[in-house]
Amino acid sequence: MQKPVLAALALVLALGACGSVRDSRINPLNWFGRESTETLAPRGGWGGEVDNRALVPVVTELEVIATTGGALVRASGVTATQGWWDVELRPLNNERPVDGAIVYEFVVAAPRRPTGTSSEASRTVTAGVKLSNSRLAGVRSIVVRGAQNQRSVAR
């Protein structure tokens, strides 16, 4: 009976010693190196970027599709040339209605090198956003703005 008690006591004392030597090489948790605090994020953080995307020249279509949880807003527009990318319906006023209207800017990023013109279908870009029922409370219209025009849908 004394041998198991002595073995248990020795084990408890040995494990307790690891807490006092947590920075030593004896501690198995230190055998493979410390956790690094370095990150790939820039020193100033990610928030300092400026959105240089342009407004779509012409908004050609706006559609609001009702869903069980809210609505899907889908807009299409035509650019001057092919190759425009990074399309987004960028909300204004944090998607909060102003005078009963939620307003979006239809933005796109320019091509990185000169591109062709071709057909209107090849220059058409489409973007969408989902709105929940709680976000739609008090909304009477949804507006999507381009550079030359805007389209709106009323409830």
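Since this is a predicted model, take the numbers as computed values, not measurements.

If you walk through the whole model with that rule in mind, you get eight salt bridges. A salt bridge links arginine 90 to aspartate 51, with the nearest nitrogen and oxygen atoms 2.5 Å apart. Of this pair, arginine 90 sits in strand E4 (residues 85-91) while aspartate 51 sits in the loop between helix H1 (2-20) and strand E1 (54-55), and the two are 39 residues apart along the sequence. Classification of aspartate 51 as partly exposed rests on a relative accessible area of 35%.

Among the nine residues in strand E3 (residues 70-78), seven count as buried, and that is most of the element. Inspection of the sheet shows strand E2 (residues 58-67) paired to E3 by nine bridges, in the antiparallel sense. Looking at E3, one finds that valine 59 is bridged to glycine 77. Count of turn residues in the E2/E3 antiparallel hairpin: two residues.

Counting residues in hydrophobic clusters, the biggest one holds 18 residues, and the most contacted among them are Leu89, Tyr104, Phe106, Leu131, Ile142 and Val144. Elements with a minimum of two residues in this core: E2, E3, strand E5 (101-109), strand E6 (124-132) and strand E7 (141-145). If one sorts the elements of this core by residue count, E5 sits on top with four residues. Filtering out sequence-adjacent residues up to four positions away, valine 144 remains in contact with Val59, Leu62, Ala75, Leu89, Tyr104, Phe106, Gln150 and Arg151.

Mapped onto the fold, threonine 79 is located in the loop between E3 and E4. A distance of 2.6 Å separates the side chain of threonine 79 from the backbone oxygen of threonine 81, its partner in a polar contact. Not counting residues within four places of it along the chain, the set of residues in contact with threonine 79 comprises Pro57, Trp84, Val108, Arg123 and Val125.

As a further point, take the environment of glutamine 150. Here glutamine 150 lies in strand E8 (residues 150-154). As for glutamine 150 and valine 103, which are separated by 47 residues in sequence, their C-alpha atoms are 9.9 Å apart. A polar contact is formed between the side chain of glutamine 150 and the side chain of arginine 145, at a distance of 3.4 Å.

The strand order across the open sheet built from three strands is E2-E3-E6, with neighbouring strands paired in antiparallel fashion. The open sheet terminates on both sides in strands that have one partner only, identified here as E2 and E6. Here the average twist between neighbouring strands, direction ignored, is 15 degrees.

Basis of the calculations
- Residues numbered from 1 in each chain as written.
- Predicted model: local features only at pLDDT ≥ 70, side-chain atom pairs only at ≥ 80, totals over all residues.
- Heavy atoms only, no water.
- Salt bridge = Lys/Arg side-chain N within 4 Å of Asp/Glu carboxyl O.
- Helix = DSSP H or I, 4+ residues; strand = E, 2+ residues; numbered from the N terminus.
- Buried < 20%, exposed > 50% of the residue type's maximum accessible area, 1.4 Å probe, protein only.
- Pairing = 2+ DSSP bridges.
- Core = buried A, V, L, I, M, F, W, Y, C linked by side-chain atoms within 4.5 Å.
- Contact = heavy atoms within 4.5 Å.
- Polar contact = N/O pair within 3.5 Å; in protein donor to acceptor, adjacent residues only side chain to side chain.
- Axes fitted to C-alpha atoms, helices over the stretch in contact; angles between N-to-C directions.

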